[in-house]
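# Fold and contact review
Read off the chains here:
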Amino acid sequence: MSYPSRRTVLGGAIAATAVVAGGAVLSPASAAPARRPGQKSMVGVPFEAVDTVRVGVIGLGNRGMGMLGGWAAVPGCTVAAVCDIRAPRAKTAADRIAAAGKPRPAEYGGSSSSYQEMLSRENLDLVYIATPWEFHYAQGKAALLAGAHVGVELPIATELDELWDLVDTSERTRRHLWLMENCSYGRNELAMLKMAHEGVFGDVTNGHGGYLHDLRELLFSDTYYTDAWRRKWHTRSIASFYPMHGLAPIAAAMDINRGDRMLTLQATATAPRGLADYRERHVPRDHPSWQEEYINGDLITCMISTQQGRVIRAEHDVSSPRPYSRINSLAGSRGIMEDYVPVGAAGARVYLEPDHSGHSWRDFTSYRDEFDHWLWKTVGSQPNPGGHGGMDYILQWRVIQQMRAGLVPDIDVYDGAVWCSPVPLSVQSLDNGGRPVRVPDFTRGRWAHKRPGLDSRQSEMPPVA
Ligand SMILES: NC(=O)c1ccc[n+]([C@@H]2O[C@H](COP(=O)([O-])OP(=O)(O)OC[C@H]3O[C@@H](n4cnc5c(N)ncnc54)[C@H](O)[C@@H]3O)[C@@H](O)[C@H]2O)c1
């Protein structure tokens, strides 16, 4: 197979202006705040190398507890401290680590400020945050100020000023904070990224991703999300709460922050029907959820334009009956890929010139094999304790080995901020009748510089002991 070179593709004739549908572009709060004296970019800044990475975990519910075994298993990583507002969960986590034959981590818990006690007492290299969304910003900022690098579950923050403050605090403390975006390490997603970079799609013009997951049963469960925190978000605002699992891989394939940037975002919302309908049919009348009114639209769609004239459609729906999908579709002048359609072993389909003709879809599997990322050929081919088909452990392994080797992180605070910006920007757009709003440039101009990201090379990485 012959493909145009990456240089040809990136230097191609894509229009440098964004296509913005429908009306004037609003620009609320999009201007970059001035940097304080001495504050500098974190673009391309390597971790300081450490032999053993000491991790502290905040939040030990479904996710935090699920990731615990991975942190304990990654070579060169020690779970030094665990914290949950519910002290028994910290004890359970510490018991599990000790039962796995590892040193027992220090336990913190019992109050909403226990994490601050952990941050002030422990000398941590990395803090991993897996609490409800409303705590991510304050806990992430506190961990940076305590001198740690910080990996935050989705989203890193939910307001624009908070996203900017995390960027600024990272720049001031010289510590990295990033989104623990595990799906960016998915096997199909990484192969799609390499194909985009090697020109298989020609000039990439558009992509679609999202988070389409029927969570209704879990949202109404009294034992899954602690204090029903996730359902309560649906009573507060009309927003794309969590599109990042599908948006981030598309943004990476388009080199957002690495040669392109998101320019505008325009949101639509359908009526809120799914949760109330589910409650009506499945939830007893004396359940506390009957006091709630669900206002978030079932399907929130964000149309995002980029500086290089590309378009991204990012969707979020967790309240409708449907099979799971992150969409993962990327298209350009030479072809298209669509994930989540069961064609072949890789579960995705392609149509790529010059290999294909005749207007019919083909199996993605041979392309996935040809463009398989080195992380999947090495770490991903070994048994591991992580969930989500192995990508959770690959993310944890990669983070820890980058810290040990003193490399630049694959995902930085600017990626985290722009990937999470649809949360507040969808609210702004919908508040303004669905008109487009500007996406801030969190890099303050560095987006135009080509630089590596998730598409790394194994050769840069020393052997892992
Ligand atoms: N990346 C993924 O694939 C993935 C999967 C699931 C969840 N998540 C994310 O993980 C996060 C947690 O989700 P979850 O499903 O585990 O929720 P959960 O309700 O099961 O767990 C949250 C935990 O945080 C604790 N907590 C709450 N406030 C705290 C505080 N102030 N200090 C310390 N602990 C506190 C709770 O006691 C609970 O144990 C969310 O951001 C969610 O979006 C990510």
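About the criteria used
Residues numbered from 1 in each chain as written. Predicted model: local features only at pLDDT ≥ 70, side-chain atom pairs only at ≥ 80, totals over all residues. Heavy atoms only, no water. Pairing = 2+ DSSP bridges. Helix = DSSP H or I, 4+ residues; strand = E, 2+ residues; numbered from the N terminus. Axes fitted to C-alpha atoms, helices over the stretch in contact; angles between N-to-C directions. Contact = heavy atoms within 4.5 Å. Buried < 20%, exposed > 50% of the residue type's maximum accessible area, 1.4 Å probe, protein only. Lys, Arg positive; Asp, Glu negative; His and termini not counted. Salt bridge = Lys/Arg side-chain N within 4 Å of Asp/Glu carboxyl O. Polar contact = N/O pair within 3.5 Å; in protein donor to acceptor, adjacent residues only side chain to side chain. Core = buried A, V, L, I, M, F, W, Y, C linked by side-chain atoms within 4.5 Å. Domains from an automatic or database assignment. Buried area = accessible area lost by both parts, 1.4 Å probe. Phe/Tyr/Trp six-rings, centres within 6.5 Å; stacked < 30°, edge-to-face > 60°.

## Describing the sheet that holds strand 5 (residues 149-152)
What the six strands build is an open sheet, ordered 3-2-1-4-5-6; its pairing is parallel. Only two strands of the sheet have a single neighbouring strand rather than two, namely strand 3 (106-109) and strand 6 (177-179). Along the sheet, successive strands turn relative to each other by an average axial angle of 20 degrees, direction set aside. In terms of strand pairing, strand 5 meets strand 6 through three bridges, oriented parallel. When the bridges of strand 6 are listed, Gly-151 appears paired with Trp-178. Helix 3 (residues 87-99) rests against strand 2 (77-84) and strand 3 of the sheet, and its axis sits at about 160 degrees to strand 2.

## Digging into the side chain of Arg-230
Mapped onto the secondary structure, Arg-230 falls in helix 9 (residues 229-233). Put simply, Arg-230 is tucked away with no salt bridge, and the nearest opposite charge, on Glu-153, sits 8.7 Å away. Separated by 3.2 Å, the side chains of Arg-230 and Tyr-225 make a polar contact. Among residues more than four places away in sequence, those in contact with Arg-230 are Trp-133, Tyr-211, Leu-215, Leu-219, Tyr-225 and Tyr-242.

## Here we look at the pattern of salt bridges
Going through the model one piece at a time under the given rule, you end up with 25 salt bridges. Between Asp-95 and Lys-91 there is a salt bridge; the shortest N-O distance is 2.9 Å. Here Asp-95 and its partner Lys-91 are both found in helix 3, four residues apart, which amounts to about one turn of the helix. Judged by its relative accessible area of 31%, Asp-95 is partly exposed. By relative accessible area, which is 43% here, Lys-91 ends up partly exposed. The shortest N-O distance in the salt bridge between Lys-141 and Asp-165 comes to 2.7 Å. Of this pair, Lys-141 sits in helix 5 (residues 136-145) while Asp-165 sits in helix 6 (residues 160-173), and the two are 24 residues apart along the sequence. One continuous salt-bridge network, built from bridges that share partners, spans Arg-35, Asp-168, Glu-171 and Arg-444.

## Quick notes on the nonpolar core
Trp-71 and Trp-419 are the most contacted members of the largest nonpolar core, which has 131 residues in total. With eight residues, helix 14 (residues 391-405) is the single largest residue contributor to this core. Inspection of this core shows a minimum of three residues originating in each of domain 1 (7-28 + 186-379 + 414-452) and domain 2 (53-175). Beyond its immediate sequence surroundings of up to four residues, Trp-71 is in contact with Val-55, Val-57, Cys-77, Val-79, Leu-126, Tyr-128, Met-180, Gln-396 and Ile-400.

## Observations regarding the environment of Gln-401
Relative to the helices and strands, Gln-401 resides in helix 14. Ignoring anything within four residues of it in the chain, the contact list for Gln-401 reads Val-74, Pro-75, Met-461 and Val-464. Among the polar contacts made by the side chain of Gln-401, one reaches the main-chain carbonyl oxygen of Pro-75 at a distance of 3.0 Å.

## Focus: the domain arrangement of the protein chain
Looking at the assigned domains, one finds that the protein chain contains domain 1 (7-28 + 186-379 + 414-452) and domain 2 (53-175). If you average the C-alpha positions of domain 1 and of domain 2, the two centres end up 27 Å apart. With 26 residues of domain 1 in contact, the opposing surface of domain 2 contributes 18 residues. In total, about 2,000 Å² of surface goes out of reach between domain 1 and domain 2, with carbon and sulfur atoms giving 70% of it. For domain 1, the biggest contributors to the area lost against domain 2 are Trp-229, Trp-233 and Arg-444; these three give 26% of the whole. Inspection of the domain 1/domain 2 interface yields three salt bridges.

## A closer look at the packing of aromatic side chains
A full pass over the atoms with the stated rule returns 16 aromatic pairs. Where Tyr-211 meets Tyr-242, the ring centres are 4.8 Å apart and the plane angle is 65 degrees; that geometry is what we call edge-to-face. Pair noted here: Tyr-211 is in strand 7 (residues 204-212) and Tyr-242 is in the loop between helix 9 and helix 10 (244-253), with a separation of 31 residues, a long-range link. Judged by its relative accessible area of 7%, Tyr-211 falls in the buried class. Ring centres of Tyr-224 and Tyr-225 lie 4.8 Å apart, and the angle between their planes is 90 degrees; this geometry places the pair in the edge-to-face category. Among the aromatic side chains, those forming a connected cluster through ring pairs are Trp-133, Tyr-211, Tyr-224, Tyr-225, Trp-229, Trp-233, Phe-241, Tyr-242, Tyr-324 and Tyr-340.

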